[in-house]
Amino acid sequence: MAQDLMDRELDVLDKERVAPVETLRRNDEALRLPAVAPPTALPLEPPLVPQVGEQTRAVGLRAQRPDSRNHGLGLTRYIDDIALPGMLFAKIKRAGIASARIKRIDTSRAEAMPGVCAVLVGSEIPVNSFGPSLQDQPLLAHPIVRHAGDGVAAVAAVTEQIAQAAIDAITVEYEPLPGVYDALEALKPDAHKVHGGDTNVYASKVIKRGDVEAGFAQAYRIYEGRYYTPGIEHAPMEPFTSIADWDANGRLTIHASIGRITLARCDLARTLAIPISRIRVIGTVVGGNFGGKNEIRHEPVLALLAKKAGRPVKGRFNRVEEFVASTIRHAFHMDYKTGVTKDGRLIARQVRMVLDGGAYCSFSETTLGKACILSTGPYEIPNSLAEGYVVYTNKTTAGSMRGFGAPQVCFAYESQMDEIARDLGIDPVEIRLRNMFREGSMSSTGQVLHSVKVKESLENAVKKFGWEVQS
């Protein structure tokens, strides 16, 4: 009897234990995030070469990003979430003057401050110049300052606050120099030469097709217009941030959200005068690039500070530095001259553009090339001439940004197309349809085009927007 009572008590106790466990399990399953849908399988034997006129089979399928859940849950680890043991914090003193010669830098007060572990000036950098095409940009200006965002000294300290106080304690004596702040003024023979020499022009390009003067002679009407697009800062949510760390064998590791790791390693090896085999660059998750993080910015400075201090060093731009010390989109001055027939067909177009490259080259040569290639637009024009120049000015450096010159010229030639249509009384969609590239069209560079869908794309857009073309 006693044993039966004991068994019944154990059964009741077990049920009381099991019931809450089952309830918790069901509640947990109800609260779980939905499972990731299985990816749609692509054909096992896709064609080796895309077929002309056929859409790729991947378009329209649901894509599963492997990093989407971490982004959605706020678990993504960006560069500024990384902290290494014993890490110091760096700050760079900006010139604050657009054109000057550095006469003297006094870092003694900064070096004496408690918590300051390393101070660096431009004369200490092994090779104080970098750039993707022209190596004309110093890491820390010495002895010439060419724009207000140039760094002139750097500090590594145990806190960001101490590093900022040390930067403020550094005194720099300048000899002001003349400056040039307008790209068109920079072309004049008597303009201040930002990098010395005989001219501020450091890159040019000419693309010619047919006989543009003969085309203008045959034109029913000629239209001329000047167009301007300003410089634009990328303004990513994540500012420039990097960490430099040396190991005991003299090998350097850089953590940074740089878009072009190989280019970064080459520039680091060159500026630090060490073999590229001793440099590792770890690309972290990028918190916004848009072209502005395609090259090094302060990484060699952080590396030299870390080597001096014997500890890892992190550097992070503030928002002001993002605007004055990074790169921006090129400002364009564009002159367009276009000859058309009475029914609105383009027979000649001449383009002259001047790009404001700012104080240093960066990706200006690439931007100029793409702009010249695309400057006549997606239109059949038998006679064309495009010429472009990039000039130095004492302003923030212009570099790569979304499209590398394409958005600027697109604004110009499409603005002029609207002006031509308005003057001739032709619907703006219709004048584009009459002139657009078609299968087998030849571009201004002589390229024969295939798989051309621009006409169909415009017609689809017109339908979607409810635009009625009036011929």
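Just above sits the structure.
The rules behind these values
- Residues numbered from 1 in each chain as written.
- Predicted model: local features only at pLDDT ≥ 70, side-chain atom pairs only at ≥ 80, totals over all residues.
- Heavy atoms only, no water.
- Helix = DSSP H or I, 4+ residues; strand = E, 2+ residues; numbered from the N terminus.
- Areas by Shrake-Rupley, 256 points an atom, 1.4 Å probe, with all protein chains shown as cover.
- Axes fitted to C-alpha atoms, helices over the stretch in contact; angles between N-to-C directions.
- Parallel < 35°, antiparallel > 145°, perpendicular 65-115°, else oblique.
- Left-handed = near helix turned anticlockwise from the far one by under 90°.
- Contact = heavy atoms within 4.5 Å.
- Nonpolar A, V, L, I, M, F, W, Y, C, P; charged D, E, K, R; others polar.
- Buried < 20%, exposed > 50% of the residue type's maximum accessible area, 1.4 Å probe, protein only.
- Pairing = 2+ DSSP bridges.

Caption draft 1: Here's a closer look at the overall build of the protein chain. The helix and strand tally for the protein chain stands at 13 helices and 15 strands. Within the structure as shown, the protein chain displays about 24300 Å² of accessible surface, and the carbon and sulfur contribution to it stands at 55%.

Caption draft 2: Fine view of the packing of helix α7 (residues 261–272) against helix α8 (residues 299–309). One can describe the packing of α7 onto α8 by two numbers: an axis separation of 10 Å at closest approach and a directional angle of 50°. By the angle class used here, α7 and α8 are oblique. Both α7 and α8 take part in a crossing whose hand is right-handed. Judged by residue contacts, Leu-268, Thr-271 and Leu-272 of α7 engage Glu-299, Pro-300, Ala-303 and Leu-304 from α8. Its residues assigned to classes, the contact of α7 with α8 comprises five nonpolar, one polar and one charged.

Caption draft 3: Focus on the environment of Met-442. You can see Met-442 is positioned in the loop between α12 (428–435) and α13 (454–465). Classification of Met-442 as partly exposed rests on a relative accessible area of 34%. In this structure, the C-alpha to C-alpha distance between Met-442 and Tyr-379, residues 63 residues apart in sequence, is 9.4 Å. If sequence neighbours within four positions are ignored, Met-442 has contacts with Arg-209, Glu-380, Phe-437, Gln-447 and Val-448.

Caption draft 4: Region of interest: the side chain of Thr-393. Along the polypeptide, Thr-393 turns up in the loop between β15 (383–391) and α11 (406–424). Owing to a relative accessible area of 0%, Thr-393 belongs among the buried residues under this scheme. In this view, Thr-393 contacts Arg-146, Val-180, Asp-182, Ala-183, Ala-186, Val-194, Asp-356, Gly-358 and Ala-359; residues no more than four positions away in its chain are not counted.

Caption draft 5: Main features of the sheet that holds strand β8 (residues 221–229). Spatial strand order, β7-β15-β14-β13-β8: five strands in an open sheet with mixed pairing. Bordering the open sheet on either side are β7 (201–209) and β8, each of which pairs with just one other strand. Strand-to-strand twist in this sheet, taken as the mean axis angle between neighbours without regard to direction, amounts to 10°. Across ten bridges, the pairing between strand β13 (residues 331–340) and strand β14 (residues 346–356) is antiparallel. Paired with Thr-338 across the bridge in β14 is Arg-349. Lying on the sheet, α11 is in contact with β8, β13 and β14; it crosses β8 at an angle near 145°.

Caption draft 6: Molecular detail of unusual backbone geometry. In this structure, Pro-143 follows His-142 across a cis peptide bond, with omega equal to 0°. Here Pro-143 is to be found in the loop between β3 (116–121) and β4 (144–145). Notably, Ala-235 is not glycine yet its phi reads approximately 50°, a positive angle. By the secondary structure assignment, Ala-235 is in the loop between β8 and β9 (241–246). For Ala-235, a relative accessible area of 39% puts it in the partly exposed group. At Ser-362, a residue that is not glycine, the phi angle is positive and equals roughly 50°. Here Ser-362 is to be found in the loop between β14 and α10 (364–374).

Caption draft 7: Looking closely at the environment of Arg-280. Position of Arg-280 among the secondary structure elements: in strand β11 (residues 279–283). According to the relative accessible area criterion, Arg-280 is exposed, its value standing at 54%. Arg-280 sits 15 residues away from Arg-265 along the chain, and the two C-alpha atoms are 7.3 Å apart. Every residue in contact with Arg-280, bar those within four places of it in the chain, is listed here: Leu-252, Thr-253 and Ile-254.

Caption draft 8: Representation of the pairing of strand β5 (residues 151–157) in the model. Burial within β5 is extensive, with seven of its seven residues counted as buried. The sheet contact formed by strand β1 (residues 88–94) and β5 spans six bridges and is antiparallel. Residue pairing in the sheet places Ala-90 in a bridge with Ala-156 of β5. Where β3 and β5 come together, five bridges link them in antiparallel fashion. Among the inter-strand pairings, Val-121 is bridged to a residue of β5, identified as Ala-153.

Caption draft 9: Looking closely at the pairing of β9. A large share of β9 lies buried, amounting to five of its six residues. Pairing of β9 with strand β12 (residues 313–316) involves four bridges; the strand directions are antiparallel. If you follow Thr-241 over to β12, its bridge partner there is Arg-316. Bridge count between β9 and strand β10 (residues 252–256): five bridges; the pairing is antiparallel. Residue pairing across strands places Trp-246 opposite Leu-252, the latter belonging to β10. Connecting the antiparallel pair β9 and β10 is a turn made up of five residues, with Gly-250 showing a positive phi of about 75°.

Purely spatial values, then, with no claim about function.
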